[in-house]
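Tertiary structure, described
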Amino acid sequence: MNFSELANLFSYPFIMRAIIVGVLVSLCASLLGVILVLNRYSLIGHGLSDVGFASLSLAMAVGVSPLLMATPIVIITSFIIMYVSQSKKINGDVAIGIFSTGALAVGIIITALTKGFNTDVYSYMFGSILSMNITDVALSVVLSVVILSVFIIFYNRLFVVTADESFAKASGINVKFYQFLISFLTAITVVLGMRMMGTLLISSLIIFPAVTAKKIVRSFKGLMILSAVISVICFVIGILISFVLNIPTGAGIVAVNIVSMIIVSMVGQVREAIGIKV
Amino acid sequence: MNLIEIKNLDVLYKTGYRGISALKNVNANIKSGEYVCIIGNNGTGKSSLIKSILGLVSVSSGNIKLKCNKNEISYIPQFNTIPLDFPATVHELVLSGTQKSNMGLPFYTKEDKASTEKAVRETGLKGLEKRRFCELSGGQQQRVLLARALCKKPRILILDEPCSGLDEKTTADFYELLLHLNTQHGTTIIMISHDLINVEKYATRIIKLDKAILFDGSVSEWIKKRNDGEPI
Ligand SMILES: Nc1ncnc2c1ncn2[C@@H]1O[C@H](COP(=O)(O)OP(=O)(O)O)[C@@H](O)[C@H]1O
Ligand SMILES: [Mg+2]
């Protein structure tokens, strides 16, 4: 494939749709990911995507729109996970583990009893570039506007709540509100992103960019900006590679993220070795 | 004027198999402008008392009335509660101390930045603002927490063993700074400390705890009791 063929790709509407949705979802996921990774909640995305898988199976079985079925179920589950882990009776990781495996089992049972593991199931487990329609584009534009506004308006609050929960509480800041806000936004991001990335892989968009960026930044602001940049770049490269090699989209993007993490680690080490401070 | 009224306070921690009583029937009023030191051995409920004032642990029975806004209280915890791998600069952390729960949109004002600058200078952190918090020494981190607490210009400053980990010079400066805040700005200070020499030198009131209050009175009463050899 040469350059003009690659450029040609962008003239296909389905690819443009996938790229628009993907860039916006990657951006949102990476910002949320910073907060979730720093608060040791990064697996919530994974738990929610398994719940998403169950909702998609159910939606297919009863024949309703996948988005319509998955959105409320995933949002409600995100609140339950938040609530259960805040009550301190069960740890967050345990709550996520219970919900994700439970939901996966339910999804598999529904699938097995109805249509069996056909190509549709394959595509929503591993991601497909073909799955984005115009509704998804509109929804992801709305979602990213909401998330970006939340991050701009509440940036300082999110900083203090993430950096030091008990200090925030002692200052009278409603920490719970922000925790629920983040899990609500994560739920919507997961729902929007999971058909393209695949329910098995969507959580990578949340985890990788923040972890990669964290290796080389000093400040919280730097972390936010760099995660967003890394996330979007990895997405674009990943989706092109996956199209060219004809592999599932999600897997291609995760592979690019892994490579970028390794490169950034090496850059960090080299920089340390020669003593440059950035 | 009373700023904090504590009545018949009990604090009970529920652990898996049994409850641990940390405070039993504690009564005290903290007045505006006081410099109170809370002393007592480890595990006698000192941290629990101030955490219940701050609403960080739940009160099992009795009650605590705050006669001021929660925004007017600053707190320095005994243990750093910022995760040690958290990527944040000294400046970001100190500035975050100016946040108040009742402000409309949470943006920093010029004033916030000025008071951050002042707190950084007062705590001797000048020149370290751009450094990453987690690469500082323990004592420097402690000063960051102090600066973060000061930049709000609090009416009440609550400190939990703030001097553990500070060197001699920083400790002396620190006590001078607290005295200055207390006498010049009328800041009410509540401090947990094991440093009895400085407690007797600077505080106006001493509370000794062992689950319940063993002693509560002025420093001169405390010294008199001590000189009389009375067990407290
Ligand atoms: N989070 C907690 N869960 C259970 N028990 C606790 C907790 N925090 C403190 N305690 C218990 O409460 C008692 C008082 O603790 P604390 O207030 O920290 O004492 P101090 O600050 O005076 O050293 C101790 O017996 C301690 O074991
Ligand atoms: Mg203590």
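It should be noted that the structure appears before, not after, this text.
Residues numbered from 1 in each chain as written. Chains lettered and ligands numbered in written order. Predicted model: local features only at pLDDT ≥ 70, side-chain atom pairs only at ≥ 80, totals over all residues. Heavy atoms only, no water.

**Some thoughts on the overall build of chain A**
Counting its secondary structure elements, chain A contains 13 helices and 0 strands. The order of helices and strands in chain A, counted from the N terminus, is α-α-α-α-α-α-α-α-α-α-α-α-α. Compactness check: chain A gives a C-alpha radius of gyration of 19 Å against a globular reference of 19 Å for 278 residues, within 12% of the reference. On the principal axes, the C-alpha backbone points of chain A span a range of 50 × 50 × 30 Å. (Helix = DSSP H or I, 4+ residues; strand = E, 2+ residues; numbered from the N terminus. Rg over C-alpha atoms; globule rule 2.2 N^0.38 Å.)

**Quick notes on the nonpolar core**
In this structure, Phe 151 and Phe 220 of chain A together with Tyr 35, Leu 159 and Leu 178 of chain B are the most contacted members of the largest nonpolar core, which totals 125 residues. Once you skip the residues sitting within four places of it in the chain, Tyr 35 of chain B turns out to touch Tyr 175, Leu 178, Asn 182, Ile 189, Met 191, Tyr 202, Ala 203, Thr 204 and Arg 205 of chain B. The next biggest cluster of nonpolar side chains, apart from the first, holds 26 residues, and it includes Val 11, Ile 38, Ile 53 and Leu 54 of chain B. (Core = buried A, V, L, I, M, F, W, Y, C linked by side-chain atoms within 4.5 Å. Buried < 20%, exposed > 50% of the residue type's maximum accessible area, 1.4 Å probe, protein only. Contact = heavy atoms within 4.5 Å.)

**Focus on the site of ligand 1**
Residue and element names in this part refer to chain B. Near ligand 1 the following residues occur: Tyr 13, Thr 15, Ile 20, Ala 22, Asn 41, Asn 42, Gly 43, Thr 44, Gly 45, Lys 46, Ser 47 and Ser 48. Between ligand 1 and the protein, one listed contact pairs an oxygen atom with a backbone N or O atom of Gly 43 at 2.7 Å. In the model, an oxygen atom of ligand 1 is placed 2.8 Å from a nitrogen or oxygen of the Lys 46 side chain. Calculation on ligand 1 without its partners gives an accessible area of 560 Å², and the protein chains cover 64% of this total. Counting only elements with at least two residues in the shell around ligand 1, the list comes to strand E2 (19-31) and helix H1 (46-54). Here the shell around ligand 1 takes 3 residues from H1, the largest share from any one element. (Near = heavy atom within 4 Å. Polar contact = N/O pair within 3.5 Å; in protein donor to acceptor, adjacent residues only side chain to side chain. Areas by Shrake-Rupley, 256 points an atom, 1.4 Å probe, with all protein chains shown as cover.)

**With respect to the sheet that holds E2 of chain B**
To summarise the sheet geometry, strands pair through backbone hydrogen bonds and adopt either a parallel or an antiparallel arrangement. Residue and element names in this part refer to chain B. A sheet is described by the order of its strands in space; here 3 strands give the open sequence E2-E1-E4, paired in antiparallel fashion. Where the open sheet ends on each side, the last strands, each with one partner, are E2 and strand E4 (61-66). The sheet shows a mean angle of 20 degrees between the axes of neighbouring strands, taken without regard to direction. As defined by bridge partners, strand E1 (residues 2-14) adjoins E4 across 5 bridges and the pair is classed as antiparallel. By the bridge assignment, Lys 7 is partnered in E4 with Asn 63. The strands that H1 touches are E1, E2 and E4; relative to E1, the one it contacts most, it runs at about 115 degrees. (Pairing = 2+ DSSP bridges. Axes fitted to C-alpha atoms, helices over the stretch in contact; angles between N-to-C directions.)

**Thoughts on the pattern of salt bridges**
Tallying each qualifying case throughout the model produces 17 salt bridges over all chains. A salt bridge links Arg 131 of chain B to Glu 135 of chain B, with the shortest nitrogen-to-oxygen separation between them at 2.9 Å. According to the relative accessible area criterion, Arg 131 of chain B is partly exposed, its value standing at 29%. The class of Glu 135 of chain B is partly exposed, set by a relative accessible area of 39%. We note a salt bridge from Arg 226 of chain B to Glu 200 of chain B, for which the minimum N-O separation is 2.8 Å. Residue Arg 226 of chain B is located in helix H7 (residues 219-227), and its partner Glu 200 of chain B is located in helix H6 (residues 196-202); the two are separated by 26 residues in the primary sequence. Classification of Arg 226 of chain B by relative accessible area gives partly exposed; the value is 40%. Here the salt bridges do not stand alone but share partners, grouping Arg 40 and Lys 214 of chain A together with Asp 85 of chain B into one network. (Salt bridge = Lys/Arg side-chain N within 4 Å of Asp/Glu carboxyl O.)

**Here we look at a nonpolar patch on the surface**
A cluster of nonpolar side chains, namely Ile 225, Val 229, Ile 233, Ile 237, Ile 241, Val 244, Leu 245 and Ile 247 of chain A, defines an oily patch on the protein surface of about 660 Å² accessible area. Locating Ile 237 of chain A in the fold gives a position in helix H12 (residues 220-245). (Patch = residues over 30% accessible without salt bridge, like charges linked within 9 Å, V, L, I, M, F, W, Y side chains within 5 Å.)

**Looking at the interface of chain A and chain B**
Listed as interface residues are 27 residues of chain A and, on the opposing side, 29 residues of chain B. Buried area between chain A and chain B, summed over both chains or domains, comes out near 2,600 Å², and the portion from carbon and sulfur atoms is 55%. Run the count over chain A and chain B and you get 3 salt bridges. Its salt-bridge partner being Asp 164 of chain A, residue Arg 148 of chain B comes within 2.9 Å of it at the nearest N-O pair. Our count for the chain A to chain B interface comes out at 14 residue pairs in polar contact (both at pLDDT 80 or more). Those elements that provide at least two residues to the side of chain A that touches chain B are helix H7 (134-153), helix H8 (155-163), helix H9 (165-170) and H12 of chain A. Classifying every residue of the side of chain A that touches chain B gives 14 nonpolar, 6 polar and 7 charged. (Buried area = accessible area lost by both parts, 1.4 Å probe. Nonpolar A, V, L, I, M, F, W, Y, C, P; charged D, E, K, R; others polar.)

**Examining the sheet that holds strand E5 (residues 73-76) of chain B**
Residues and elements named next belong to chain B. The strand order across the open sheet formed by 6 strands is E5-E6-E7-E3-E8-E9, and the pairing between neighbours is mixed. Unpaired on one side and paired on the other, E5 and strand E9 (212-218) mark the two borders of the sheet. Taken pair by pair, the neighbouring strands of this sheet meet at an average axis angle of 15 degrees, ignoring direction. With 6 bridges joining them, strand E8 (residues 205-210) and E9 adopt antiparallel strand pairing. The partner of Lys 208 across the bridge, within E9, is Phe 215. Along the sheet, helix H4 (residues 138-150) contacts E5 and strand E6 (156-160); its crossing angle with E5, the most-contacted strand, is approximately 175 degrees. In the packing of H7 onto the sheet, contacts are made with strand E3 (35-39), E8 and E9, and the angle to E9 comes to roughly 110 degrees.

From the geometry alone we can't say anything about function, so treat these as descriptive.
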